[in-house]
Amino acid sequence: MSITPLARGSLTASVITLAASLTASFAVLAPATPAFAAGNAVPTYEVKVNLTSAALDASHNPTSAVKAAFGITGSAKARSYEYFDTDAQDLDAEGWDVRLRHKSGSSFEETYKMRFPVAGGDIDAALDEANAEGFDSSDTNYDAEVDWGYAKQTLSFSNEKSHSASGYSGTAMPSASTGRNWLVNDIPGKLDDWRYDNWGSDTLKASRVHGPVTSQVWSGAWEASDDAGIEVLPVRNAAGTGTEYIVELSFKTDDYADAARLHSDAIAVAEAHGWLYHGDILKTQLILDRY
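Summarised in this report is the structure supplied together with it. (Residues numbered from 1 in each chain as written. Predicted model: local features only at pLDDT ≥ 70, side-chain atom pairs only at ≥ 80, totals over all residues. Heavy atoms only, no water.)

**Quick look at the overall build of the protein chain**
Okay, so step 1: If you tally the helices and strands in the protein chain, you get 9 helices and 9 strands.
Okay, so step 2: Classification of the 291 residues of the protein chain by burial places 44% in the buried group.
Okay, so step 3: For the protein chain, long-range pairs separated by at least 24 residues make up 69% of all intrachain contacts whose partners lie at least 6 apart in sequence.
Okay, so step 4: Put simply, the protein chain shows about 15000 Å² of open surface, and 51% of that area lies on carbon and sulfur atoms. (Helix = DSSP H or I, 4+ residues; strand = E, 2+ residues; numbered from the N terminus. Buried < 20%, exposed > 50% of the residue type's maximum accessible area, 1.4 Å probe, protein only. Contact = heavy atoms within 4.5 Å. Areas by Shrake-Rupley, 256 points an atom, 1.4 Å probe, with all protein chains shown as cover.)

See below:
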């Protein structure tokens, strides 16, 4: 008995058909390739330690001993700022702060900031949460920073814009309606569409000004930070009958280890001299609540 071989063309066609069939089968069984996700943002750090009134002289300026202890060498510079939110603080309730600030001799600074709490020092978990909300390493419109206070850490993402200060001298602020219009017109997309389309601009249009307040800031360098400062902020007291002075010592750095050392050392030095306030004073919340 003889076997008739397949023609060369027929054999080739059969092999191609079988290969195509197997490829299709594997394609069905193989897991889908996950969509690309941007990595977490890389934050900078700002250590913020509050001091008591013992750190101030009779003119409510930092004493010479305080300045010397923390490398503060610059002269005072004034800055005025205010926040915009509704009476019910709807922006703040969603984690957003909207601030207008004017430093003497500079343009107005418009800041739109989103905050994420850091629980138990777990900064990575806060960065994961932020990433899930679209604040990741691919978004260069926002700067990530960890504010490291006495006992509290907060991760924030800030979008900074500016507005000409032409016609405004010193740290003068615009009228509430003018400032609000600037902020509405320049609102970033993440805030505008936070809960639904145009939620941010609608909320800002319904907001009022909280403030303004004017502080004095002294600058210098200390340990690993070449951006050290002391801010003295006079604010209306809780009863609304007078003024209290908030003293904030701060250091900026790009490195976590440097920030941890600055935090520890600043607290130790302030404690040793009797200047340390044992707690965290949140200036933004204070201004929202008292103005």
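Okay, back to it.
**Structural notes on the packing of aromatic side chains**
Okay, so step 1: For the coordinates displayed, the defined rule picks out 17 aromatic pairs.
Okay, so step 2: Ring centres 5.2 Å apart and planes at 85° place the aromatic pair F135 and Y142 in the edge-to-face group. Here F135 matches Y142 in class, with each residue buried.
Okay, so step 3: Its guanidinium or amino end placed over the ring of F135, K190 lies 5.3 Å from that ring's centre, counting from NZ or CZ. (Phe/Tyr/Trp six-rings, centres within 6.5 Å; stacked < 30°, edge-to-face > 60°. Lys NZ or Arg CZ within 6 Å of the ring centre and 35° of its normal.)

**Examining the side chain of K283**
Okay, so step 1: The residue K283 is located in helix 9 (residues 283-290) in this model.
Okay, so step 2: Those residues within four positions of K283 in sequence are excluded, and the remaining contacts are Y81, E231, L233, I246 and E248.

**So, the pattern of salt bridges**
Okay, so step 1: Tallying each qualifying case throughout the model produces 11 salt bridges.
Okay, so step 2: For the salt bridge of R115 with D97, the shortest nitrogen-to-oxygen distance reads 2.8 Å. Within this pair, whereas R115 is found in strand 4 (residues 108-118), its partner D97 is found in strand 3 (residues 96-103), the two being separated by 18 residues in sequence.
Okay, so step 3: Residue D97 is classed as buried on the basis of its relative accessible area of 7%.
Okay, so step 4: Between K283 and E248 there is a salt bridge; the shortest N-O distance is 3.3 Å. (Salt bridge = Lys/Arg side-chain N within 4 Å of Asp/Glu carboxyl O.)

**So, the nonpolar core**
Okay, so step 1: Core analysis: the biggest nonpolar cluster contains 56 residues, and F70, W96, F135, L155, F157 and F251 have the highest contact counts within it.
Okay, so step 2: Look past the residues within four positions of F70 in its chain and what remains in contact with it is A221, W222, A228, L249, F251, A266, V269, A270 and W275.
Okay, so step 3: Counting residues in each nonpolar core, the second largest holds 11 residues, with Y83, I246, I281 and L288 among its members. (Core = buried A, V, L, I, M, F, W, Y, C linked by side-chain atoms within 4.5 Å.)

**Looking at the pairing of strand 9 (residues 243-253)**
Okay, so step 1: Two strands pair when backbone bridges link them, and strand 1 (residues 44-51) and strand 9 are joined in this way by 7 bridges, in the antiparallel orientation. The residue of strand 9 that forms the bridge with Y45 is T253.
Okay, so step 2: Where strand 8 (residues 225-236) and strand 9 come together, 10 bridges link them in antiparallel fashion. Residue pairing for strand 9: I230 is matched across the bridge by L249. (Pairing = 2+ DSSP bridges.)

**Some details on helix 8 (residues 256-272)**
Okay, so step 1: The end-to-end C-alpha distance of helix 8, which contains 17 residues, comes to 24 Å, matching closely the 24 Å that a straight helix rising 1.5 Å per residue would cover.
Okay, so step 2: Taken together, the buried positions of helix 8 are D258, A259, L262, H263, A266, I267 and A270. For helix 8, the angular spread of the buried residues around the axis is 155°, confining them to a single face.
Okay, so step 3: Contact partners of the buried residues in helix 8: strand 1, strand 5 (143-148), strand 7 (208-222), strand 8 and strand 9.
Okay, so step 4: The opening residue of helix 8 is D255, an N-cap whose side-chain oxygen sits 3.1 Å from the backbone nitrogen of A257. (Expected span 1.5 Å × (residues − 1). Arc of directions from axis to C-beta. Polar contact = N/O pair within 3.5 Å; in protein donor to acceptor, adjacent residues only side chain to side chain.)

**Observations concerning the environment of T243**
Okay, so step 1: Summarising the element assignment, T243 is placed in strand 9.
Okay, so step 2: C-alpha separation for the pair T243 and L233, spaced 10 residues apart in sequence, amounts to 9.8 Å.
Okay, so step 3: In contact with T243, not counting residues within four places along its chain, are P234, V235 and N237.

**Focus: the layout of surface pockets**
Okay, so step 1: Put simply, the second largest pocket is a space of about 170 Å³.
Okay, so step 2: Forming the boundary of the second largest pocket are 13 residues, of which L51, S53, E244, Y245 and I246 lie nearest the centre.
Okay, so step 3: The leading source of residues in the lining of the second largest pocket is strand 9, at 4 residues.
Okay, so step 4: Of the residues that constitute the lining of the second largest pocket, the class distribution is 8 nonpolar, 3 polar and 2 charged. (1 Å grid on protein atoms, 1.4 Å probe; cavity = no way out; pocket = protein on both sides within 12 Å on 5 of 7 lines; lining within 4 Å. Points joined across faces, edges and corners; volume = space filled by probe spheres on them. Nonpolar A, V, L, I, M, F, W, Y, C, P; charged D, E, K, R; others polar.)

**Examining the sheet that holds strand 4**
Strand pairing within a sheet occurs via backbone hydrogen bonds; the two strands may be parallel or antiparallel.
Okay, so step 1: Ordered in space as 1-5-6-4-3-2-7-8-9, the 9 strands form a closed barrel in which the pairing is mixed. Looking at each pair of strands side by side, their axes are set apart by 30° on average, direction ignored.
Okay, so step 2: Sheet topology note: the strand 3/strand 4 ladder contains 7 bridges and is antiparallel. Across the sheet, R99 pairs through a bridge with T111, a residue of strand 4.
Okay, so step 3: Sitting on the sheet, helix 8 is in contact with strand 1, strand 5, strand 7, strand 8 and strand 9, with an inclination near 10° to strand 1. (Axes fitted to C-alpha atoms, helices over the stretch in contact; angles between N-to-C directions.)

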